[in-house]
Amino acid sequence: MKHEQVLLDSDIVLDYLLERRELNPLWETLPLYLIQHGIPYCLAAHQLVIIQSVYERESGQKSFLAHPETRQAWDRFVGAAVPLKTPAPIDWNHPLARHDLADYLTESAARAADSIIITRNQDFTVLSERCLSPEKFLAEHDPDAQPPVPFLDLKAPHIELRAELEAAQDRVINSGWLILGQEVAAFEREFAAYCEAEHCIGVGNGLEALHLILRAFGIGAGHEVIVPSNTYIATWLAVTQAGATPIPVEPDERTYNLDPARIEAAITPRTKAILPVHLYGQPADMDPINAIAARHGLKVIEDAAQAHGARYKGRRTGGLGHAAGFSFYPGKNLGALGDGGAVVTNDSQLADTLRVLRNYGSRVKYHNEVQGYNSRLDELQAAFLREKLKRLDDWNARRQAIAARYLAHLSPLPPGEGLGVRAS
């Protein structure tokens, strides 16, 4: 069995700090095992107070962590633990709450984090199916076990960022401002700077980002927009929802991105824009696309839904055309904990128009200038995205390293094999 994450009961931590051999023969073995095998382990906030008070009472030290050896043990073991917020709601009718409130709170934290609990408290083990003794954990855990690899793991990055995400949530709840407040404004500034662009406008999702760009440019009925023939349907839906007609152009077979050599043949007097997609995070060949657009007086709108942080000839996606639409769907490199999107642009007039369109066509409440939409990135998702944006470059580098490892170890397939193709 391979456990993804464990929560340590206070007694396990105290055994280690106080070297309580007589109470726990595994006082040192378990901590070293967790560290050596890279098993994520957690502590809930309320446990720290318990650990401090018991340690000071049993050690006779008046100042917690004053002793250099204790400080070293703390920094090595407890300081590496993932901190968890103790959940606020308490069910006073729960058997654990009636028996021992501290155990109940520990189990609540473990349940919220989907973790097992390692404890030598036998009563706790009887009352909670989440508990394992140190002996049972070591006997059951197989560090070499290979669990199924999920196609998309949305738990791991949120475990890594749990403390930051909880703090972001608290900021929003405590502010009392849930729509178009300080978090959205701050994220818009930060993401625009990240994309090396002037403006960012948070909207409801990636589809609406593209749709609103087209609307803001006045592209609609009777107009045509050149799109890749191979892309997710949202690219085409943005065009049809604006009332325009998508005109598909085949990809460059080397990159699967929109082929600049095929674009001009698709341009007609009704063409108003080119909408290249940076497929799988690989930027389209933007210089020739922009040159073609300039010759024909067309707008260039980047579909950057999969390209957060990507660069084209040293420049970030998002600032390579007249405007770019980003998605923050949870599976993206920069994903929210729900839906979200943004437009990035260097065009101040376009940015102003988009801010009006996303908010019912209004700058001032109850004064509606145009027929607008309700498409706003909400405060909570903006707060989460601000925390994730700080890690985006590191996460992208990690993805690249993992991809390089796959490429280095996957043997080339014989001709005609793979992807369901059989040699004739």
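Our structure's up above, just so we're on the same page.
Residue indices follow the written sequence of each chain, beginning from 1 at its first position. The predicted origin of the model limits local features to residues at a pLDDT of at least 70 and limits the giving and counting of side-chain atom pairs to 80 or more, whereas totals for whole chains, interfaces and linings rest on all residues. Heavy atoms throughout the structure, all of them, feed into the side-chain values; hydrogens and water do not.

Trainee: So, unusual backbone geometry: which residues are in play, and what are the values?
Mentor: Despite not being glycine, E19 has its phi angle at roughly 55 degrees, a positive value. Tracing the sequence through the fold places E19 in the loop between α1 (10-18) and α2 (29-36). Relative accessibility decides the category of a residue: with a 1.4 Å probe and only protein chains considered, values under 20% of the type maximum give buried, values over 50% give exposed, and everything between is partly exposed. Accessibility expressed as a relative area gives 38% for E19, which makes it partly exposed. In this model, E196 sits at a positive phi of 60 degrees, which is unusual for a non-glycine residue. By definition, any uninterrupted DSSP run of H or I lasting at least four residues is a helix, any uninterrupted run of E lasting at least two residues is a strand, and each is numbered from the N terminus.

Trainee: So what's going on with the pattern of salt bridges? Residues and values would help.
Mentor: Salt bridges are defined by distance alone: a side-chain nitrogen of Lys or Arg within 4 Å of a carboxyl oxygen of Asp or Glu. The final tally for this structure, using the stated rule, is 28 salt bridges. For R171, the salt bridge identified is with E387, shortest N-O distance 3.3 Å. Residue R171 is found in helix α10 (residues 162-175), and its partner E387 is found in helix α16 (residues 379-389); the two are separated by 216 residues along the sequence. Overlapping salt bridges bring together R171, E183, E190, R386, E387 and K390 as one network.

Trainee: Can you lay out the environment of K390 for me, pointing to particular residues and giving the numbers?
Mentor: As for its position among the elements, K390 is in the loop between α16 and α17 (392-409). Polar side-chain contacts of K390 include one of 3.2 Å to the side chain of E387. In protein, a polar contact requires one atom able to donate a hydrogen and another able to accept it; more generally it is a pair of N or O atoms within 3.5 Å, and residues adjacent in sequence count only if both atoms are side-chain atoms.

Trainee: Account for α10, naming residues and giving values.
Mentor: The length a helix should cover is 1.5 Å for every residue beyond the first. Over its 14 residues, α10 runs 20 Å from end to end, which matches the ideal 20 Å to within 8%, given 1.5 Å per residue. Among all positions in α10, only R162, L165, E166, A168 and V172 are buried. The arc that holds every buried residue of α10, seen down its axis, measures 160 degrees, which confines them to one face. Contact between two residues is taken to exist if any of their heavy atoms lie within 4.5 Å; hydrogens are not considered. Of the surrounding secondary structure, the elements contacted by the buried residues of α10 are β3 (82-84), α6 (101-112), α9 (156-160), α11 (182-194) and α16. Directions drawn from the helix axis to the C-beta atoms are what define this arc.

Trainee: Go over the packing of aromatic side chains, please, and point to the residues and values.
Mentor: Aromatic pairing here means that ring centres of Phe, Tyr or Trp (its six-membered ring) are within 6.5 Å. Orientation follows from the plane angle: under 30 degrees is stacked, over 60 is edge-to-face, and everything else is tilted. The tally for this structure, following the rule as stated, stands at nine aromatic pairs. Considering the side-chain rings of F187 and F191, the 5.5 Å spacing of their centres and the 15 degrees angle between planes classify their relative orientation as stacked. Remark: F191 and F187 occur in helix α11; sequence separation between them is four residues, near one turn of the helix. Here F187 matches F191 in class, with each residue buried. On the basis of an interplanar angle of 80 degrees and a centroid distance of 5.4 Å, the ring pair of F187 and F328 is categorised as edge-to-face. Placement of F187 in helix α11 and of F328 in the loop between β13 (323-327) and β14 (341-345) is noted, with a sequence separation of 141 residues between them. Each member of the pair, F187 together with F328, is buried.

Trainee: An account of the sheet that holds β3 is needed here, citing residue identities and associated values.
Mentor: Whether two strands pair comes down to DSSP finding at least two bridges between them. A sheet is described by the order of its strands in space; here five strands give the open sequence β3-β2-β1-β4-β5, paired in parallel fashion. The strands lining the two open edges of the sheet, one partner per strand, are β3 and β5 (131-132). Relative to strand β2 (residues 41-44), strand β1 (residues 6-8) runs parallel, the two being bridged by two bridges. Bridging from a neighbouring strand, V6 pairs with Y41 of β2.

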